[in-house]
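Letter by letter, the chains look like this.
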Amino acid sequence: RPGAFRAFVKEPVSSFTNRRPPVGDVLGARARGLGARVLEIEDDLQGIRIIEAFLRSLRPRVDESMTLTARIAGRIAEERAITRVDQIVSEFGIPLRSLQRTFSEYVGVSPKWIIQRYRLMEAAERMAEGAVASFADLALHLGYADQAHFIRDFKQFVGKTPAQYARSPVQR
């Protein structure tokens, strides 16, 4: 869940954004052989139980900010009409700067980044379903001021322009 990883680490989750530190550096020396141990096990459920037991042994504590962050991220995911951070600020009654700090601390990215990712996933889903008549209309629906910004963000996220994505055989 968004925000939950913060309970396992001593630093803000944003310190891991765009990095791939070894698990032992993040979760301590006891975690160093965990991945190899789990990969040796053929039973996936047993591997999951080992990871869960390890994580529980770290004694994570849930706090109010973690719960709120998960609620906000869930709301962004379920409510496709949310296209701007100020909608979250208004709905949850949180000052913008506090919201940004909390997301940096608990999620590692900004609320704007989360909103954008969910809306871009929505765009890809709609294209895969063949439910897009116009990219300009889709961009507007997703909260973009213009089609060019939507195309740029979509290409950065998916690796193809919306037109290339819509034409790709995987989407038909």
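Keep in mind that this is a model prediction, so the values were computed, not measured.

This brings us to the packing of helix α7 (residues 111-128) against helix α9 (residues 147-158). Direction vectors running N to C along α7 and α9 enclose 90°, while the axes themselves pass 10 Å from each other. Relative to α9, α7 is oriented roughly perpendicular. On α9, the residues touching Gln116, Arg117, Leu120, Met121, Ala123, Ala124 and Met127 of α7 are Phe150, Asp153, Phe154 and Phe157.

Turning our attention to the layout of surface pockets. Within this model, the largest pocket holds a volume of roughly 240 Å³. Thr83, Arg84, Val85, Lys112, Ile115, Gln116, Arg119, Leu142, Gly143, Tyr144 and Asp153 are the residues that line the largest pocket. Considering every element that reaches the lining of the largest pocket, the biggest residue donor is α7, with four residues. Of the residues assigned to the lining of the largest pocket, the class counts are four nonpolar, three polar and four charged. Each pocket or cavity is described by its volume, and for the second largest pocket that value is around 160 Å³. Looking at the second largest pocket, the residues that line it are Arg1, Ala4, Ala7, Phe8, Pro60, Val62, Met66, Thr67 and Ala70.

Conventions used here
- Residues numbered from 1 in each chain as written.
- Predicted model: local features only at pLDDT ≥ 70, side-chain atom pairs only at ≥ 80, totals over all residues.
- Heavy atoms only, no water.
- Axes fitted to C-alpha atoms, helices over the stretch in contact; angles between N-to-C directions.
- Helix = DSSP H or I, 4+ residues; strand = E, 2+ residues; numbered from the N terminus.
- Parallel < 35°, antiparallel > 145°, perpendicular 65-115°, else oblique.
- Contact = heavy atoms within 4.5 Å.
- 1 Å grid on protein atoms, 1.4 Å probe; cavity = no way out; pocket = protein on both sides within 12 Å on 5 of 7 lines; lining within 4 Å.
- Points joined across faces, edges and corners; volume = space filled by probe spheres on them.
- Nonpolar A, V, L, I, M, F, W, Y, C, P; charged D, E, K, R; others polar.

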